[in-house]
Amino acid sequence: PASFVLLSIDPAVSAKSKSDYTGLCIIAYSKALNRFGIRYGAQVRMNSKQIRAKVESLLETYPEITAILVETNQGGQILIDSVFNDLPVKVITVHQSVSKELRAEWASIEFGHHRVYFEEGTTETQRQLAAYNPETVLHDDLIDAVTTGLVEIRRRVNDDRRNRISPLVKSFEYI
């Protein structure tokens, strides 16, 4: 059972053949089970109109998506302003301030604790994650979409839990 589902997007700067891909990943999270489910993953080279059509198609296929998470480091804000401005779901932005290697390390904690599950049809996502080596990988956009989504969900869940702890418990937290 999913508490919420989001579409994580690592956008490319352009759709040219020499550009990076746009990474798309649908991630479900269950608060009750403290588990993630990777429901979809793809890397595509598309212009902004094609990305809009792809996102609309994903929203129709996966109506449980309640938010879109977009990395804004390299042109993502342009996509938000021109492509995602009137979609029927919340659009969340994240500007990365830590390296992708560190984000991958943080996400690996979730894998190490067996909290990430893959649905059928996500073989390419699994293959890319298993083969990830920052020194030899040419395109890591799908990996970025996955790790950004996992890290951002975990951060928000932890922040939510901390905010729900009573003041008395908080005072003993750092003793």
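Above this text is the structure in question.
A short tour of the structure in this document, coming up. (Residues numbered from 1 in each chain as written. Predicted model: local features only at pLDDT ≥ 70, side-chain atom pairs only at ≥ 80, totals over all residues. Heavy atoms only, no water.)

1. Side note on the sheet that holds strand β5 (residues 90-94)
Then step 1. The strand order β5-β4-β1-β2-β3-β6 describes an open sheet built from 6 strands, whose pairing is mixed. With one partner strand each, in any of the chains shown, β5 and β6 (116-118) form the two edges of the open sheet. When the angles between neighbouring strand axes are averaged without regard to direction, this sheet yields 30°.
Then step 2. Pairing of strand β2 (residues 22-30) with strand β3 (residues 35-44), which is carried by 9 bridges, proceeds in the antiparallel orientation. The partner of Gly 23 across the bridge, within β3, is Gln 43.
Then step 3. Against the sheet, helix α5 (residues 141-164) makes contact with β1 (4-10), β2, β3, β4 (65-71), β5 and β6, and its axis sits at roughly 35° relative to β2, the strand it touches most. (Pairing = 2+ DSSP bridges. Helix = DSSP H or I, 4+ residues; strand = E, 2+ residues; numbered from the N terminus. Axes fitted to C-alpha atoms, helices over the stretch in contact; angles between N-to-C directions. Contact = heavy atoms within 4.5 Å.)

2. Quick notes on helix α3 (residues 100-112)
Then step 1. The end-to-end C-alpha separation of α3 is 18 Å, in line with the 18 Å expected for 13 residues at 1.5 Å each.
Then step 2. All buried positions along α3 are accounted for by Arg 103, Ala 104, Ala 107 and Glu 110. End-on, the buried residues of α3 take up no more than an arc of 100°, which puts them together on one face. Those residues of α3 that are exposed and aimed more than 90 degrees away from the buried face are Glu 105 and Gly 112.
Then step 3. Tucked inside the fold, the buried residues of α3 contact β3, β4, β6 and α5.
Then step 4. His 114 sits one or two residues past α3 and shows a positive phi near 55°. (Expected span 1.5 Å × (residues − 1). Buried < 20%, exposed > 50% of the residue type's maximum accessible area, 1.4 Å probe, protein only. Arc of directions from axis to C-beta.)

All we've got here are geometric facts, nothing functional implied.
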